[in-house]
Amino acid sequence: MLKERSYCGELSILDIGKRVLLCGWVAMKRDLGGIIFIQLRDVTGIIQVLIDSSNSSDMFSIAEEIKSEYCILARGLVRRRFEDNINPDLVTGELEIVVDHIEILNTSNTPPIPLEFKVSVSEDMRLRYRYLDLRREDMREAIIKRHILMQSVRKYLSQNRFLEIETPILNKSTPEGARDFLVPSRINKGMFYALPQSPQLFKQILMVSGFDRYFQITKCFRDEDLRYDRQPEFTQIDIEMSFIVPDDIIEIIEELLRDMVKDVIGKEIKIPFQRISYDNAIARFGTDAPDMRFDIELIDCSDIFQNTEFKVFESALSGGGIVKGIAISDQGKISRKTIEEYTEYVRAFKAKGLPWIRCKDGSFVGGISKFINEEQRVILIERFNIQGNTIVFFSSDSQIIVNDTLANLRKRIADDLDLINKDELNFLWVTDFPLLEYNNDEKRFFAKHHPFTSPMPAHIDLLDSINPDNVERVKSQAYDIVLNGVEIGGGSIRISNIELQKKMFSILGIPEEEYKQKFSFLIEALGYGAPPHGGIALGLDRILMLLINRDSIRDVIPFPKTHRGQCLMSEAPAHVSLEQLKELGIRVVER
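Residues numbered from 1 in each chain as written. Predicted model: local features only at pLDDT ≥ 70, side-chain atom pairs only at ≥ 80, totals over all residues. Heavy atoms only, no water.

Chemist: Break down the overall build of the protein for me, with residues and values.
Modeler: Helix and strand content of the protein: 15 helices and 22 strands. Taking the principal axes of the C-alpha coordinates as reference, the protein spans close to 90 × 70 × 55 Å. Across the 591 residues in the protein, those meeting the buried criterion constitute 48%. Restricting the contact set of the protein to residue pairs at least 6 apart, pairs at least 24 apart contribute 67%. Counting every atom, the protein has about 30400 Å² of accessible surface; 49% of that belongs to carbon and sulfur. (Helix = DSSP H or I, 4+ residues; strand = E, 2+ residues; numbered from the N terminus. Buried < 20%, exposed > 50% of the residue type's maximum accessible area, 1.4 Å probe, protein only. Contact = heavy atoms within 4.5 Å. Areas by Shrake-Rupley, 256 points an atom, 1.4 Å probe, with all protein chains shown as cover.)

Chemist: So, the sheet that holds strand β1 (residues 19–31): which residues are in play, and what are the values?
Modeler: Sheet architecture is closed into a barrel: 5 strands sit in the order β1-β2-β3-β5-β4, paired in mixed fashion. On average, adjacent strands in this sheet sit at an angle of 55 degrees to one another, irrespective of strand direction. Pairing of β1 with strand β4 (residues 71–80), which is carried by 7 bridges, proceeds in the antiparallel orientation. By the bridge assignment, Val-20 is partnered in β4 with Gly-76. (Pairing = 2+ DSSP bridges. Axes fitted to C-alpha atoms, helices over the stretch in contact; angles between N-to-C directions.)

Chemist: Outline the pattern of salt bridges, listing residues and values.
Modeler: The final tally for this structure, using the stated rule, is 41 salt bridges. Between Asp-279 and Lys-475 there is a salt bridge, and its shortest N-O distance comes to 2.9 Å. Highlighted residues: Asp-279 in helix α7 (residues 278–285) and Lys-475 in the loop between β19 (444–447) and β20 (478–483), separated in sequence by 196 residues. Using a relative accessible area of 12% as the deciding quantity, one classes Lys-475 as buried. Counted as one network, the salt bridges with shared partners bring together Arg-126, Arg-130, Asp-133, Arg-136, Asp-138 and Asp-555. (Salt bridge = Lys/Arg side-chain N within 4 Å of Asp/Glu carboxyl O.)

Chemist: Could you give an account of unusual backbone geometry, with specific residues and numbers?
Modeler: Note that the residue after Ile-271, namely Pro-272, is joined by a cis bond; omega there is 5 degrees. Note that Pro-272 resides in the loop between α6 (246–265) and β11 (274–277). Across the junction of Ala-572 and Pro-573, the peptide omega takes the value -5 degrees, indicating a cis bond. Tracing the chain through its elements places Pro-573 in the loop between α14 (540–547) and α15 (578–584). Of note in the backbone geometry, Lys-350 takes a positive phi value of approximately 75 degrees without being a glycine. Position of Lys-350 among the secondary structure elements: in the loop between α9 (336–346) and β14 (356–360). For Asn-549, which is not glycine, the phi dihedral falls at a positive 60 degrees. Mapped onto the fold, Asn-549 is located in the loop between α14 and α15.

Chemist: Tell me about the pairing of strand β22 (residues 533–539), and please be specific about residues and values.
Modeler: Judged by how many residues are buried, β22 sits mostly within the fold: 7 of 7 residues are covered. The side-chain alternation of β22 yields two buried faces, one formed by His-533, Gly-535, Ala-537 and Gly-539 and the other by Gly-534, Ile-536 and Leu-538. Bridge analysis of strand β10 (residues 233–242) against β22 gives 7 bridges, and the strand direction is antiparallel. Paired with Ser-242 across the strands is His-533, a residue of β22. Of the pairings in the sheet, the one linking strand β21 (residues 486–493) to β22 comprises 5 bridges and is antiparallel in character. Residue Gly-489 lies in a different strand from β22, and its bridge partner there is Leu-538.

Chemist: Before we move on, could you go through a nonpolar patch on the surface and cite the residues and values that matter?
Modeler: A cluster of nonpolar residues, Tyr-7, Val-43 and Ile-144, forms a patch on the protein surface that exposes about 230 Å² of accessible area. Checked against the element boundaries, Tyr-7 lands in the segment before β1. For Tyr-7, a relative accessible area of 31% corresponds to the partly exposed category. (Patch = residues over 30% accessible without salt bridge, like charges linked within 9 Å, V, L, I, M, F, W, Y side chains within 5 Å.)

Chemist: Explain empty space enclosed by the protein to me, and be specific about the residues and the numbers.
Modeler: Taken as a whole and assessed by the stated rule, the structure comprises 2 cavities of 30 Å³ or more. Space inside the largest cavity adds up to approximately 130 Å³. Looking at the lining of the largest cavity, the element that brings in the most residues is helix α5 (residues 200–208), giving 3 residues. Here the residues of the lining of the largest cavity sort into 7 nonpolar, 6 polar and 3 charged. Each pocket or cavity is described by its volume, and for the second largest cavity that value is around 40 Å³. Along its surface, the second largest cavity is lined by Leu-127, Arg-130, Phe-559, Pro-560, Cys-567, Leu-568 and Met-569. By residue class, the composition of the lining of the second largest cavity is 6 nonpolar, no polar and 1 charged. (1 Å grid on protein atoms, 1.4 Å probe; cavity = no way out; pocket = protein on both sides within 12 Å on 5 of 7 lines; lining within 4 Å. Points joined across faces, edges and corners; volume = space filled by probe spheres on them. Nonpolar A, V, L, I, M, F, W, Y, C, P; charged D, E, K, R; others polar.)

Chemist: Now, about helix α10 (residues 374–383): what can you tell me, with residues and values included?
Modeler: Within α10, burial applies to Gln-376, Leu-380 and Ile-381. For α10, the buried positions fall inside an angular range of 130 degrees around the axis, keeping them on one side. Exposed positions of α10 whose direction lies more than 90 degrees from the buried face are Glu-375 and Glu-382. The inward-facing, buried residues of α10 abut β14, β15 (363–365) and β16 (390–397). Backbone geometry just downstream of α10 places Asn-385 in the positive-phi region, at approximately 50 degrees. (Arc of directions from axis to C-beta.)

Chemist: Break down the nonpolar core for me, with residues and values.
Modeler: Ranked by internal contacts, the top residues of the largest apolar core, which has 44 residues, are Leu-149, Ile-239, Ile-253 and Phe-427. Here this core gets 9 residues from one element, more than from any other, and that element is α6. When residues no more than four places from it in sequence are discounted, the contact partners of Ile-253 are Ile-239, Trp-429, Ile-536 and Leu-538. Counting residues in each nonpolar core, the second largest holds 26 residues, with Phe-452, Leu-508, Phe-519 and Leu-522 among its members. (Core = buried A, V, L, I, M, F, W, Y, C linked by side-chain atoms within 4.5 Å.)

Chemist: So what about the sheet that holds strand β12 (residues 299–300)? Which residues, and what values?
Modeler: With antiparallel pairing, 5 strands are arranged side by side in an open sheet as β12-β13-β16-β14-β15. A strand with exactly one partner marks an edge of an open sheet, and here the two such strands are β12 and β15. In this structure, β12 lies alongside strand β13 (residues 322–328), joined through 2 bridges in antiparallel fashion. If you follow Ile-299 over to β13, its bridge partner there is Gly-325. Of the strands in this sheet, β13 and β16 are in contact with helix α8 (residues 311–318), which crosses β16 at around 40 degrees. The strands that helix α11 (residues 399–416) touches are β13 and β16; relative to β13, the one it contacts most, it runs at about 10 degrees.

None of the figures reported here should be taken as evidence of function without further support.
Next comes the structure, spelled out in structure tokens:
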């Protein structure tokens, strides 16, 4: 039967006159008395089958028993539909199958969720009945596109001398910023494996081993709070190369992404991509993952308001903060009510308020306009390049709060005013990241990316005199790839010198005993002729989500978890028996 079988969505006018065998599920049934029409669905799409009582009363009797989502087999002749019966919404809308044999392979309960693509269903219900949700057109498309993307990755990298090598899933815990998922060992009671947050250490070991071009499409695990683009388990396209500089890996990734986009959605994109430094991105857009599909930039106004009468600005500047603003030429579209909504919106980013002014015919009105003197008015109009009816929103606070506030506000306004070309794919490299950042609360340095990231060669000597005041001066050989304002990957050149790696651990406040316990095999390996090497990890789920315009990565993952890390279908995580816990030497403490 398998050799004879045709697929519903793959039939075309070239098949007219052929007898075909189809298997699938009943998407819809219409009984017109002596004729029954069935919309038959399989993984490729839908086609109409027709059962005529005048051809076979037995077949018609069987068809009368068929209900929605029954699994059936149908054999018949492909013919062109009558002109007034053509369905332009279906790829196979010109065809139908005149059935001469039909079988019910299995019956179906009434589905608890509608399976029509355009009918809205709550996410909890979709995840509870994922096996049915995956029959929906949008999910079926997403899973097929996921397959195409993965094959595109394998094809390009294999053609460019990369080897696909698997790294362990069970390893020891080496936290990289998020919590590990721990797996108890039955044989070694009281000891635990950890599921990998990334294959970072093992791919570096592979470089030392001489496998100079490695890749892996791998599962990674992080026990962290979840958002629309996060999952406790996610899929990563992991890549590492030896004997390279950043430009080498950037070129490879650009070509890979070009092929992926073409294979998955049929679009041609231009390479090379634009590059922007971390400092420039923060200054102009307030974030290291800027969406540059629209022209709203943050403008520093701190110098303009050094002698301001507006107490909010004066207080922020005297406390070491900054004042920035964004100008929107809205032609009066942003109302007072909308301003109030924006003011409430920015409180989520710790902003205490949202000062504003409107410029009409060269004059400032509304908001804080009464605090703007003539000299400030002239400078503001020039600096913001104000033309026409324009509103300017300000934020004054610490640099982090101001940048975060305006970065999110610019995106919210661009969405509201429909300033974003949704069809554009804006790829962007962000480079020259700080190597370290200083945490005032904990009074210590942290790695901006991870502790294996190499500093710029010219900045290595600066590590000897690093302090909280000059930490920004030390740049790393790190690079992130951003698509439409979403980070889809990050990487760096790694530290390949054993003494420099030890120095990094020391600066990060990791005692020798601790780093030897956690990373001994890597430290040891670096002493055996480690080549210069670097790589990147791309988020497969995020990339697919953006390419096919889904709102969440849960819409491109076959069996995702909820925002609470639960699988509503299988009801994981779940309790285990006392016998299992006893065998593992574990006792659960209720809190």
